[in-house]
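Take a look at the letters that make up each chain.
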Amino acid sequence: MVATAGTSVEVRLPSRLGFEKVAMGTAASVAQLMGFPAERIEDLKTAVAEACINAIEHGNQLNEKLSVGVILSASDDQLEVKVVDNGAGISKQPPKPDIDRKVHGQEDPRGMGMFLIQALVDEAEWVRDSIGKHSYVRLVIRLDKEGED
Amino acid sequence: MQTETRTTIDRTAGASGAAIAVLRFSGDISSTSKDSVLGAWQNVSGSGPVLLDFSKVDYINSSGIALIIQMLMEADKSGQKVAAFGLTPHFQKVFTMVGIGKYAGLHKDQEAAVASM
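About the thresholds
Residues numbered from 1 in each chain as written. Chains lettered and ligands numbered in written order. Predicted model: local features only at pLDDT ≥ 70, side-chain atom pairs only at ≥ 80, totals over all residues. Helix = DSSP H or I, 4+ residues; strand = E, 2+ residues; numbered from the N terminus. Buried ≥ 20, exposed ≤ 12 C-beta atoms within 10 Å, placed from the backbone. pLDDT = per-residue confidence, 0-100. Pairing = 2+ DSSP bridges. Axes fitted to C-alpha atoms, helices over the stretch in contact; angles between N-to-C directions. Contact = placed C-beta atoms within 7 Å.

Novice: Hey, could you run me through unusual backbone geometry in this one?
Specialist: Glycine aside, the phi torsion of most residues is negative, and most peptide linkages are trans. Residue and element names in this part refer to chain A. Unusually for a residue other than glycine, Q61 sits at a positive phi of about 55 degrees. Here Q61 shows up in the loop between α2 (38-59) and β2 (67-74). Classification of Q61 as exposed rests on a count of 12 C-beta atoms within 10 Å. Positive phi is not limited to glycine here, since L62 has a value of about 60 degrees.

Novice: What exactly am I supposed to notice about the confidence of the model for chain B here?
Specialist: Atom-level detail of predicted coordinates should not be read off regions where pLDDT is low. Residues and elements named next belong to chain B. Averaged over chain B, the pLDDT score is 94; the fraction of residues at 70 or greater is 98%. No element of chain B has a lower mean pLDDT than strand β1 (residues 6-13), at 92, and none a higher one than strand β4 (residues 82-85), at 98. Both scores are available for the predicted complex, with the pTM at 0.92 and the ipTM at 0.91.

Novice: For this particular structure, what's the right way to read the sheet that holds strand β4 (residues 123-128) of chain A?
Specialist: Backbone hydrogen bonds hold the strands of a sheet together, and the pairing may be parallel or antiparallel. Residue and element names in this part refer to chain A. Strand order in this open sheet of 5 strands is β1-β2-β3-β5-β4, and the pairing throughout is antiparallel. Two strands close off the open sheet at either side, each with one partner strand: β1 (8-14) and β4. Neighbouring strand axes in the sheet, compared pairwise and without regard to direction, differ in orientation by 15 degrees on average. As paired elements, β2 and strand β3 (residues 78-85) share 6 bridges and run antiparallel to each other.

Novice: I keep staring at the sheet that holds strand β2 (residues 19-29) of chain B and nothing clicks. Help me out?
Specialist: Residue and element names in this part refer to chain B. Strands sit in the order β1-β2-β3-β4-β5 across an open sheet of 5 strands; the sheet is mixed. The open sheet has two free edges, formed respectively by β1 and β5 (105-107), since each of these has just one partner strand. Neighbour-to-neighbour, the strand axes of the sheet open up by a mean angle of 25 degrees, direction not taken into account. Alignment of β2 against strand β3 (residues 50-60), held across 8 bridges, turns out to be parallel. Paired with R24 across the bridge in β3 is D53. Strands in contact with helix α1 (residues 34-44) are β1, β2 and β3; relative to β1, the strand with the most contacts, it is inclined by about 30 degrees.

Take a look at the structure:
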């Protein structure tokens, strides 16, 4: 394991779908250096991908003149990921997806991203800035040290 | 940046000897996969049970999950049974979280999926 506490890695993505995979790969690499188990790295990859997709599609409205910032901050026991876009942020959380309503055409089959993010990381918060020009989602996954000597 | 989705259609025999269609996906399943995924579904729609093979899929995001739900919507309308196999443990967990397992059995491999039909 490489000493990573106190380090920060930043990636800037174009607002083009598909580039979320660059952030996924970077987050996975940092998490691997920190010693996260493979299962948690997979959770992190999906959560980071969904956060970036939301930032590209909804925050930056697919405007390729705007970029999405991804800031990974490692500490002893957790990895924090901030995904920053130029949108106004969300005013309220969407309802939890309902598979029965989706399969029966009563709810859009899309709209799983925020649910997946919340389900897969230890902390997730969506933050709007006061003037509505930048917003970010902050994700945290913690290293589970139970069972270690 | 995204890997193209390829879908091939196979047929296999169920325990009773009846034909089961198998949609074999490879690459990524994302927002750009609509034509490949739903286009393939049109070829098996209304024609009996269907297996979804994800063993060569590297990446599925929420837009890809929405396409899978659209296949399940069509299957529900036509009364077709659907089962999936070949998901990584992570995506098996994700599919279970979003409730897909309620409408499509999630199995380790094709043999187990065929046996469930």
